[in-house]
Amino acid sequence: MQEKNSKPQQLRSQEWFGGNDKMGFVHRSWMRNQGYPDDYFRGKPVIGICNTWSDLTPCNGHLREVAEQVKRGVIEAGGFPLEFPVMSLGETIMRPTTMLFRNLASMDTEESIRANPLDGIVLLTGCDKTTPSTIMGACSVDLPTIVVPGGPMLNGRFRGETIGSGSFNWMIKEKQTNEAFGADDMREAEICAARSIGHCNTMGTASTMAVMSEALGLTLPGIASIPAADSRKRVMQQLSGRRIVEMVREDLTMSKILTRQAFENAIVTNAAVGGSTNLIIHLTAIARRIGVDLVLDDFDRLGSGVPLLVNLMPSGKFLMEDFYYAGGLSVVMRELGDLLHGDAITANGQGLAENCRTATCYNRDVIRSRSEPLQDSAGIAVLRGNLCENGAVIKPSAATPRLMKHTGRAVVFESMEDYHARIDMPDLDIDADCVIVLKGVGPKGYPGMPEVGNVDLPHKLIQQGVKDMVRISDGRMSGTAYGTVVLHVSPESTVGGTLAVVQDGDLITLDVEARLLRLEITDEELARRKEAWVAPPPRATRGWVRVYLDHVEQAELGADLDILTGKSGSTVDRDLH
Ligand code: FES
């Protein structure tokens, strides 16, 4: 039985299910053990629901229920939903860091989609890396695809105060030092910070990735900010299920949505919401998969003049639930107006501007107007100079204004282990004007480029009331973190970038306005040190980490594997036998 308006002759899934030969029998027969009627195999668009659920990814712990809601929508629209698991990445649990596995999860997603009889894809995402990994993998196949972000947790309250999941972590050392914050206090705060299903409720990386997905046009409009526990989220999940079936019929593939304009919209929107620096790495990797030319300087050129409109932690004071009640991302995009490409097509088939044409703001404390922004210019500044030959980044909205132009004496840590061993030594020669330099936390160095760039300040300086210092590393920073933190220094120290040869006592100049990061030594001295530098031995000889070390690219290229750039499409020209 054919569905109205369907094009069974064009459905990819019919290459598996449509034949009347032996292989048609094989492909259908085993699937039939799950009780599907015959018409499911005769021209219904087959929708793969790519699920990053895992008990070990608490932010995605509700996605099995989400999948059921999506299936409802798919069936209502005449599709055939088939859910499949892919590698899930739990940010707070996995060691040494989820970023070591983002590209592996993307390969899982890519190969799972291509190898199976799927016509359209729904990506169920949530925790930080589960969004970029699945989008990257799906891009390399390029079928019609819609993203369903799992949604943030509800607001947390701890002893009368709002507590943001993620951002509270960065206060613990200070509280333990200055407020006698004990084990009982800690346990009470733990559950207050995570009081419902969903991902981090700050504008951390997970929320940034949900916003990115919507700004790219990969979701239904309005979905990103809705809390996971809100019944309106369930409605959006069901509608996404209906819509992906239509997208298959319209052949609205990812590459038709992910144009250069879509990426520019994502950069501008990220600046306006005060999103994570992690966007740079993930968006670049996605662009390189789909074939859009995006470079590091685009983030500064397009984003740094954009006003900060959203008052959410870590740059501001509210949380995602408040953002939703204030009108959500549609209000922000309507405010941004001419800064966005309004005609960029989105998953519902309409342009971005049309989607937010009637958006209304209900709380100007949470979402500001362009005429009264929180900051005149937000975004991400891209730094250049002899300390970062291929670039480095800083998030000015999360930094301390007086430190944005600063020259200080370097206090160097050769690794995270070195940092932990010495940072709280009473005799460590460090003061508030020093620059903390952390090496060995880049893509190859750690390996996996962990979120450690915002290392805690020394205990003795916290006791003196010091709140922030300039910190520089080749690592990343959690989207929930803040401070005057220079990140993504490239080339990283492990491959012999200038960072590798910084020594204790060197002077370093940071000048964000001039976009400068400079090691104050002569060119001759720098050349002499590099000549004497010896590369460290690789940290793995086998398995995935070995593949990763052999192929991972530097931060400014998105830290993807060089063998994964681009796409291979959806064609598989050989059958089982
Ligand atoms: Fe999962 Fe923050 S830890 S989203």
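Treat the numbers as computed from the prediction; the structure is a model and nothing was measured. (Residues numbered from 1 in each chain as written. Predicted model: local features only at pLDDT ≥ 70, side-chain atom pairs only at ≥ 80, totals over all residues. Heavy atoms only, no water.)

What follows is about the overall build of the protein chain. Summing up its helical and strand segments, the protein chain has 20 helices and 14 strands in all. In terms of overall dimensions, the protein chain has C-alpha extents of about 80 × 55 × 50 Å along its principal axes. Once local pairs closer than 6 in sequence are excluded, the contacts in the protein chain between residues at least 24 apart make up 77%. Taken as a whole, the protein chain presents about 22,300 Å² of accessible surface, with 50% of it coming from carbon and sulfur. In the protein chain, the 60 positive side-chain charges and the 73 negative ones have mean positions that sit 4 Å from each other. (Helix = DSSP H or I, 4+ residues; strand = E, 2+ residues; numbered from the N terminus. Contact = heavy atoms within 4.5 Å. Areas by Shrake-Rupley, 256 points an atom, 1.4 Å probe, with all protein chains shown as cover. Lys, Arg positive; Asp, Glu negative; His and termini not counted. Charge placed at Lys NZ, Arg CZ, Asp CG, Glu CD.)

Moving on, we get to the sheet that holds strand S11 (residues 470–473). Taking strand neighbours across the sheet as the criterion, the 6 strands line up as S12-S11-S10-S9-S13-S14 in an open arrangement whose pairing is mixed. Two strands close off the open sheet at either side, each with one partner strand: strand S12 (485–486) and strand S14 (516–519). Examined bridge by bridge, strand S9 (residues 405–413) and strand S10 (residues 435–438) share 4 bridges and lie parallel to one another. In the sheet register, valine 411 faces S10, and the bridge partner there is isoleucine 436. (Pairing = 2+ DSSP bridges.)

A few words now on the confidence of the model for the protein chain. Of the residues in the protein chain, 98% reach a pLDDT of 70 or more, and the chain-wide mean stands at 95. This model gives residues 1–9 a pLDDT under 50, and the stretch forms 14 contacts once residues within four places in sequence are excluded. (pLDDT = per-residue confidence, 0-100.)

Let us look at the packing of aromatic side chains. For the structure shown, the criterion picks out 10 aromatic pairs. Both rings, one in phenylalanine 17 and one in phenylalanine 41, keep their centres 5.0 Å apart while their planes meet at 80 degrees; by these two values the pair is edge-to-face. Of this pair, phenylalanine 17 sits in helix H1 (residues 14–17) while phenylalanine 41 sits in the loop between helix H2 (22–31) and strand S1 (46–51); the two residues are 24 residues apart in sequence, bridging distant segments of the chain. There is no split in this pair, since phenylalanine 17 and phenylalanine 41 are both buried. Between the aromatic rings of tyrosine 36 and phenylalanine 80, the centroid separation amounts to 4.6 Å while the plane-to-plane angle is 65 degrees, which identifies the pairing as edge-to-face. Here tyrosine 36 is found in the loop between H2 and S1, whereas its partner phenylalanine 80 is found in strand S2 (residues 80–85), with 44 residues between them in sequence. Classification of tyrosine 36 by relative accessible area gives buried; the value is 19%. Residue classification places phenylalanine 80 among the buried positions, given a relative accessible area of 0%. Grouping aromatic residues by their ring pairs yields a cluster made of Phe17, Tyr36, Tyr40, Phe41 and Phe80. (Phe/Tyr/Trp six-rings, centres within 6.5 Å; stacked < 30°, edge-to-face > 60°. Buried < 20%, exposed > 50% of the residue type's maximum accessible area, 1.4 Å probe, protein only.)

In this section: the nonpolar core. Residues Phe263, Leu283 and Val332 are the most contacted members of the largest nonpolar core, which totals 102 residues. A per-element tally of this core places helix H11 (residues 260–273) first, with 8 residues. For valine 332, the contacting residues outside a window of four places in its chain are Ala272, Val273, Leu309, Val310, Phe323 and Ile367. If you look at the next biggest cluster of nonpolar residues, it comprises 26 residues, including Leu387, Ala410, Val435 and Val512. (Core = buried A, V, L, I, M, F, W, Y, C linked by side-chain atoms within 4.5 Å.)

Considering all chains together, one arrives at 43 salt bridges under this definition. For aspartate 298, the salt bridge goes to arginine 260, with nearest N and O atoms at 3.3 Å. Taken together, the residues span a long stretch of sequence, with aspartate 298 in helix H13 (residues 296–303) and arginine 260 in helix H11 at a distance of 38 residues. Between arginine 546 and aspartate 550 there is a salt bridge; the shortest N-O distance is 3.1 Å. Of the two residues, arginine 546 and aspartate 550 are both situated in helix H20 (residues 543–551); the distance of 4 residues between them amounts to about one turn of the helix. The partly exposed category is assigned to arginine 546, whose relative accessible area is 35%. Where salt bridges share partners, they join Glu110, Glu111, Arg114, Arg289 and Asp560 into one cluster. (Salt bridge = Lys/Arg side-chain N within 4 Å of Asp/Glu carboxyl O.)

Turning next to the side chain of threonine 125. Following the sequence through the fold, threonine 125 ends up in strand S3 (residues 120–125). Among the residues examined, threonine 125 registers a relative accessible area of 2% and is labelled buried. Looking at threonine 125, its side chain comes within polar contact range of the side chain of threonine 131, at 3.3 Å. With sequence-adjacent residues up to four places away left out, threonine 125 is seen in contact with Thr52, Asn60, Leu63, Thr130, Thr131, Thr134, Val147, Val148, Pro149 and Gly150. (Polar contact = N/O pair within 3.5 Å; in protein donor to acceptor, adjacent residues only side chain to side chain.)

Turning to the environment of arginine 370, a few remarks are in order. One can find arginine 370 in the loop between helix H16 (352–355) and strand S7 (381–383). Between the C-alpha atom of arginine 370 and that of phenylalanine 101, which follows or precedes it by 269 residues, the distance is 39 Å.

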